[in-house]
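An overview of the molecular structure
Listed below are the residues making up each chain.
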Amino acid sequence: MWRVLPPNTEFDFFVIQVPKAPFGVSWYQGDIETNAHGRGHERFVGRFSIETFAVALGSAPAPVVFNNGPFPDASLNPPFNPIQMYHLGLWFGSPQAAQAAGCPGNVTPFNGDHNAGIQVLNTSNFPDDFGPLRQVNP
């Protein structure tokens, strides 16, 4: 049975370290907006494979652009060794959109303004250390 998302709703798509909270290292990949039938799609161009990773060899100043709300920008990144990222997650674009779909109105940092709704889909049907991107050869 095919299930659809709420119609005419914006979602934020992320590459994430693990599929469920606390998600680990995550990066914004793009938006997906559903049509009147609750179906949406988008093409994301990038390198998604077993080599998908993030790294911060040292600390560096970071721009503080979004400083209001519960998730203000950090002004300095923490250093970390390479971390492979093999999972995907989709969040409501706003808490209001989540509530309109009958979900909790929690605020999360998973959009450009750091005021997204809750996670609606993820790749948790794969093990935490073996998400679907790990199976893609470069």
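Remember, predicted model here, so these are calculated numbers, not experimental data. (Residues numbered from 1 in each chain as written. Predicted model: local features only at pLDDT ≥ 70, side-chain atom pairs only at ≥ 80, totals over all residues. Heavy atoms only, no water.)

Side note on the sheet that holds strand β2 (residues 26-33)
Note the threshold: Criterion used throughout: strands pair if DSSP finds at least two bridges between them. In this description a helix means any DSSP run of H or I spanning at least four residues, a strand means any run of E spanning at least two, and both kinds are numbered starting from the N terminus. Between N-to-C directions, angles span 0 to 180 degrees; the directions come from axes that are lines fitted to C-alpha atoms, helices contributing only their stretch in contact.
Spatially, β2-β1-β5-β6 is the arrangement adopted by the four strands of the open sheet, whose pairing is antiparallel. The sheet is open, and its two edges are formed by β2 and β6 (119-122), each paired on a single side. Between one strand axis and the next, the sheet turns through 25 degrees on average, direction left out of account. Relative to β6, strand β5 (residues 87-92) runs antiparallel, the two sharing three bridges. Paired with G89 across the bridge in β6 is N122.

Describing the environment of L5
Applicable threshold: A contact between two residues is defined here by any heavy atoms of the two lying within 4.5 Å.
Within the element layout of this structure, L5 appears in the segment before β1 (10-16). Expressed as a C-alpha distance, the spacing of L5 and R39, which sit 34 residues apart in the sequence, is 6.3 Å. Among residues more than four places away in sequence, those in contact with L5 are F11, T34, G38, L90, V120 and L121.

Some words on the pattern of salt bridges
Selection rule: For this document, the term salt bridge refers to a Lys or Arg side-chain nitrogen within 4 Å of an Asp or Glu carboxyl oxygen. To sort residues, take the accessible area from a 1.4 Å probe on protein chains only and compare it with the maximum for the residue type: under 20% means buried, over 50% means exposed, and anything in between is partly exposed.
Within this structure, the stated rule accounts for one salt bridge. Between E51 and R47 there is a salt bridge, with the nearest N and O atoms lying 2.8 Å from each other. Residue E51 is classed as partly exposed on the basis of its relative accessible area of 40%. On the accessibility criterion, R47 (54% relative accessible area) is exposed.

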